[in-house]
Each structure stands twice: as C-alpha cells, then as structure tokens.
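What follows is the residue order along each chain.
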Amino acid sequence: MEPVRVITRPGIVREAHTISLGFKTAGQIERIHVREGNHVHQGQLLAELDNTDYRLNVEALQIQYDQLKDEVERTEKLFDQKSISANDYEKAVAGLKQLSVELQTNKNKLDYTKLYAPTDGYIQSVNLSPAEMVNVGTALFTLLDVSRMEVVADIPVGEYRQRDRFASFSCKVAGIEDEFPMKLSSITPKADGNQLYQLRLTFTAQHDKRLTAGMNAEIGIIVTNTVPATGFAVPLCAVFRDNAKNEPCVWVLEADSTVFKRPVVLNGTDAEGRAVVIEGLTGDERIVRAGVNVLQEGQRVRVVKKTSKTNIGGLL
C-alpha cells in the first residue's frame with residue numbers, strides 16, 4: 001500500500017447556502033406568517049400579498065373566456081355546415097387560444113401572491129413588514145437552507161499544492177463522537193489576504209439533525225505521500241503548453257545540442273512543488289528548464305555550466 005499521511009485543519013459547519021426569497025409579482029404585503037429564527041418546512045406558506053386586483057382580473061377574464069368559448073362552439077357548427085369561411089373559423093379559434101393564455105397568465109399571478117418555502121430551513125431575517133409595497137423579486141426573507149450542510153476550512157499554500165494527492169476526507173464535529181466521511185465540493189483557486197485557500201466539504205451521508213450551522217469541526221485529509229513509481233519529478237518551469245494541441249510538453253536536449261518537443265502526461269505535483277510526469281519520459285533525457293516558451297523545434301542551445309562555489313562570478 002502506498003504510504004499516506006493525514007492533514008488536520010480546523011473548520012466550521014455551515015448551511016450549504018442561503019436563499020433570498022421574494023414574490024414573483026408586485027403588490028402590497030397583507031400577511032407574514034413567520035418570524036426570524038423560525039424553522040420552516042418545504043412548501044410552508046410564508047407570506048401573502050393583497051390579491052384583490054389579481055382575483056378580479058381572473059374573474060373578468062374567466063367570464064370573457066367562457067363567453068368566447070360558447071361563440072367558438074357555435075362558429076364550429078356553422079363551419080361544419082359551410083355557412084362561414086375557414087378563415088373566419090380559424091380567427092375565432094385563435095382568439096380563444098390567445099384569451100386562454102391570458103387567463104392562465106393571470107391565474108399564475110394570483111398564485112404568485114402567496115410565497116412558499118422552497119426547502120427546509122431557518123428564517124434568518126425578515127426584511128419587510130405588512131402593508132409595505134414590494135416589487136418583483138424584492139427579498140422579503142433570507143432563508144438558511146439546512147437540507148444540506150457543509151464544512152469550510154482554510155489550508156495554506158503548501159497543502160494547496162498537494163491537492164491532486166488528496167485521497168479522502170473526514171470530519172469530527174465538536175460535541176459529536178461520530179466521524180463523518182466527507183466529499184470535496186470545491187477549493188477556491190485564489191488565496192485570501194492571509195495566503196489561505198478555502199476548502200469546502202460536503203457530508204456524504206444524509207443530513208444529520210445533530211449538525212447545526214456554526215458548530216466547530218476538525219477536518220482530516222488523507223494525502224498520498226509518494227510519487228508513483230513510473231513518474232518523474234521535473235521543475236514546473238520546464239513544462240509548457242503546446243499552442244496547437246494545448247497539451248503539456250517539455251523540451252528534450254539531444255546530443256547535438258538541439259531541442260525537440262516531447263508531449264508528457266502529468267499527475268499533479270510532489271511535496272516540493274515539482275511537476276510529476278507519469279508518461280512521456282524514460283528518465284534518461286536531459287530537459288530544458290529555462291526559456292521554454294521562446295524555443296523552437298530543432299533549435300540549437302548551449303548548456304550553461306554550473307558556477308564553481310570557489311569561483312564566484314566566473315573570474316577564474
């Protein structure tokens with residue numbers, strides 16, 4: 001078995017995300033059924049708008065629709081008797097369809113005057129009060145979605161460079177004896193002001209009701225320590241991208257001091273930050289590590305000899 005080591009980092013449990021909830025139509029708030037801190041279930045009614053105008057619009061359109069539907073039925077009979085033209089009949093049918101769409105649109109708006117919880121969670125904030133006017137999408141509530149929880153932790157740059165060798169993840173939460181298996185959700189590719197990268201892990205099992213947002217946790221990361229036996233570690237500066245195929249390559253130096261491009265397959269980096277090449281090299285080649293982006297196929301180069309420690313500046 002390949003040797004491994006464990007990295008432990010402090011983290012914090014938090015809800016997978018927060019949701020800003022608002023009405024899909026404009027109006028005046030009539031009732032708010034929840035308060036800050038309330039736990040709500042998916043589908044629970046949270047708030048309502050004054051629906052008087054929306055209801056009257058639906059009733060008026062329903063009357064028009066029923067009347068036009070009767071007229072279209074009579075027109076259809078006349079068309080079967082060849083008493084009216086096909087054009088007149090098609091116009092009547094098209095008018096009924098258009099009115100049907102308008103009626104359904106207004107029914108939807110009437111339904112939108114009620115706001116329901118899209119998932120289980122906690123009301124973090126209530127931003128408005130009854131009698132206030134709201135526009136479409138105005139955030140009335142902020143909902144903490146607790147149907148899925150995650151753990152967030154920060155890792156330094158040295159561990160971030162080893163991310164390709166992260167094998168598995170676990171988590172222990174303060175006050176809970178169980179160790180939870182975790183799954184990597186994301187690693188922020190940009191460091192913050194403290195040169196730390198944010199690591200987000202999600203729980204692989206179904207949500208445990210013992211977990212609440214804000215709990216302290218300790219994450220464990222299993223890291224494979226060794227480079228595969230078939231791999232070679234080369235300086236990162238020696239690897240470049242082929243412009244045509246966009247594949248990683250290195251320049252191999254021939255005996256006649258000319259260079260040629262060699263495509264390689266990479267497998268992350270080692271503990272010292274060097275690129276690990278698992279295909280494309282035999283280990284006997286000499287590769288170029290400086291100026292790789294300006295060289296050309298077949299170009300002759302000169303090998304710079306290492307300066308002697310006793311001949312500083314090359315004066316002797």
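Everything here concerns the structure above.
Cut-offs used in this document
- Residues numbered from 1 in each chain as written.
- Predicted model: local features only at pLDDT ≥ 70, side-chain atom pairs only at ≥ 80, totals over all residues.
- Heavy atoms only, no water.
- Helix = DSSP H or I, 4+ residues; strand = E, 2+ residues; numbered from the N terminus.
- Areas by Shrake-Rupley, 256 points an atom, 1.4 Å probe, with all protein chains shown as cover.
- Lys, Arg positive; Asp, Glu negative; His and termini not counted.
- Charge placed at Lys NZ, Arg CZ, Asp CG, Glu CD.
- Pairing = 2+ DSSP bridges.
- Core = buried A, V, L, I, M, F, W, Y, C linked by side-chain atoms within 4.5 Å.
- Buried < 20%, exposed > 50% of the residue type's maximum accessible area, 1.4 Å probe, protein only.
- Contact = heavy atoms within 4.5 Å.
- Salt bridge = Lys/Arg side-chain N within 4 Å of Asp/Glu carboxyl O.
- Phe/Tyr/Trp six-rings, centres within 6.5 Å; stacked < 30°, edge-to-face > 60°.
- Lys NZ or Arg CZ within 6 Å of the ring centre and 35° of its normal.

With that settled, the discussion passes to the overall build of the protein. A tally of helices and strands in the protein yields three helices and 19 strands. Taken as a whole, the protein presents about 19,700 Å² of accessible surface, with 49% of it coming from carbon and sulfur. Taking the average place of the 38 positive charges on the side chains of the protein and the average place of its 41 negative ones, the gap between the two points comes to 8 Å.

Turning our eyes to something else, we now look at the sheet that holds strand 5 (residues 114–116). Strand order in this open sheet of four strands is 5-4-2-7, and the pairing throughout is antiparallel. Only two strands of the sheet have a single partner each, and these edge strands are strand 5 and strand 7 (133–134). In terms of strand pairing, strand 2 (residues 27–32) meets strand 7 through two bridges, oriented antiparallel. Looking across to strand 7, one finds that Gln 28 is bridged to Met 133.

On to the nonpolar core, then. Val 151, Phe 166, Val 173, Met 182 and Ile 221 are the most contacted members of the largest nonpolar core, which totals 26 residues. For this core, the secondary structure elements donating two or more residues are strand 1 (4–21), strand 8 (141–156), strand 9 (166–173), strand 10 (179–187), strand 11 (196–203) and strand 12 (216–224). The element contributing the most residues to this core is strand 8, with five residues. Look past the residues within four positions of Val 151 in its chain and what remains in contact with it is Gly 11, Ile 12, Val 13, Cys 171, Met 182, Leu 199, Arg 200, Leu 201, Phe 203, Ala 217 and Ile 219. In this structure, Val 40, Leu 46, Ala 47 and Leu 115 belong to the second largest nonpolar core, which totals 17 residues.

Opposite charge on two side chains lets them pair, provided their charged atoms get close. This model, assessed by the stated rule, comprises nine salt bridges. With a shortest N-O distance of 3.7 Å, Arg 55 and Glu 59 are connected by a salt bridge. A residue pair is termed a helical-turn pair when its members lie 3 or 4 positions apart in one helix, as Arg 55 and Glu 59 do in helix 1 (residues 52–80) at four residues. Residue Glu 59 is classed as partly exposed on the basis of its relative accessible area, which comes to 41%. Of the charged contacts in the structure, one is a salt bridge between Asp 242 and Lys 261, with a shortest N-O distance of 2.8 Å. With Asp 242 in the loop between strand 14 (240–241) and strand 15 (248–253) and Lys 261 in strand 16 (residues 259–263), this residue pair connects regions lying 19 residues apart in the sequence. We classify Lys 261 as partly exposed; its relative accessible area is 29%. When salt bridges that share partners are traced, they join Arg 14, Glu 150 and Arg 200 into one network.

Across three bridges, the pairing between strand 13 (residues 232–234) and strand 18 (residues 275–279) is antiparallel. Its bridge partner lying in strand 18, Val 234 is registered against Ala 275. The sheet contact formed by strand 17 (residues 265–269) and strand 18 spans three bridges and is antiparallel. Following the sheet pairing, Thr 269 is matched in strand 18 by Ala 275.

Summed over the entire model, instances satisfying the criterion amount to five aromatic pairs. Plain terms: the ring middles of Tyr 160 and Tyr 197 are 3.8 Å apart, the flat faces sit at 5° to each other, and that makes the pair stacked. Taken together, the residues Tyr 160 in helix 3 (residues 157–160) and Tyr 197 in strand 11 connect sequence positions 37 residues apart. Residue Tyr 160 is classed as buried on the basis of its relative accessible area of 12%. Ring geometry for Phe 180 versus Phe 203: centroids 5.4 Å apart, planes at 90°, classification edge-to-face. Here Phe 180, found in strand 10, pairs with Phe 203, found in strand 11; they are 23 residues apart in sequence, far enough to count as distant. Sitting above the plane of the Tyr 160 ring, Arg 163 keeps its charged end 4.1 Å from the centroid.

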